[in-house]
Amino acid sequence: MTASDELLAAYDAQLRTDAETPSALTVKHLGALRLVTFSGGRGFITYQDLAGADRAQIERWVPEALDYYSQNPAIAKVEWKTRGHDHAPGLHEALLANGFIEEEPESIMIGAASALAVEVPLPEGITLRRVTKDADIRAMCAMQDLVFGEEPSAEYADAIVARAHRDPLFELWVADHAGEIVSAGRLEPVPGTDFAGIWGGCTVESWRGQGIYRALTAARASSALAQGYTLIHSDSTGYSRPILERYGFTKVSTTTPYVWKR
């Protein structure tokens, strides 16, 4: 096996379990599928693999899974998380036929936490800090929503605040300038594995290209390393992928979300 193959095997074995959804309210099993419900009216469908399912089985699973969520009026959005290396005959077509919309693919990146945990110079006036107060968390969430092109969601902020209170390993990091949050991201260590995830990383457009996101990533990696997590994983956009590649991270596969909205 190549190093990339070994990392992908570790990803599939360690992360594509209940460890993938630590903040789930409920999990229902449908064949190989895990139908997860999160707070804020969000559904999430994932699996370790499709257990050799053929096209006919997959075509049955998709509407059955959607029916499970559509019967719950509290669910407003469902994401089906696909991975590029899975054998999933007919899944793309079945998802589109059942009203799911394909979103942009991202790269699954994995690398050593020690490679990211480096000193990065910051622009003048920028400070990094971990946030724990509700007001700071809500301000961070609103900034992230706007950067990702969405209206600030009180429901999303409520869910993140609740997770921060419930999970002591869950860390929220921001970069500030003159009291304004200009970059942010989450660190999610996965107990019982070698991995910690870095998620939700974004920077206000006017502050990009100055090393702030790189420094925020380094701070999160340093925190993970201090807790004994040796590998970092991330689903990376075209913006963050080059940063991770410069530190020796490997693209082991792709992930593409398909989203259904009520």
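Asks: Break down unusual backbone geometry for me, citing the residues and quoting the values.
Replies: Positive phi outside glycine occurs at A51, with the angle close to 55°. Since its relative accessible area comes to 61%, A51 is described here as exposed. A positive phi is found at A178, a non-glycine position, where the angle reads about 50°.

Asks: If you had to explain the pairing of strand 11 (residues 231-236) to someone new, which residues and values would you point to?
Replies: Burial within strand 11 is extensive, with 6 of its 6 residues counted as buried. Alternating residues of strand 11 divide into L231, H233 and D235 and I232, S234 and S236, and every residue in both groups is buried. Inspection of the sheet shows strand 6 (residues 106-112) paired to strand 11 by 6 bridges, in the antiparallel sense. Paired with M109 across the two strands is S234, which belongs to strand 11. Examined bridge by bridge, strand 10 (residues 195-203) and strand 11 share 3 bridges and lie parallel to one another. Pairing of G197 across the sheet is with H233, part of strand 11. Assessed by its sense of winding, the connection that carries the chain from strand 10 through helix 7 (residues 212-226) to strand 11 is right-handed.

Calculation notes
- Residues numbered from 1 in each chain as written.
- Predicted model: local features only at pLDDT ≥ 70, side-chain atom pairs only at ≥ 80, totals over all residues.
- Heavy atoms only, no water.
- Buried < 20%, exposed > 50% of the residue type's maximum accessible area, 1.4 Å probe, protein only.
- Helix = DSSP H or I, 4+ residues; strand = E, 2+ residues; numbered from the N terminus.
- Pairing = 2+ DSSP bridges.
- Right-handed = clockwise from strand over helix to strand, strands pointing away.

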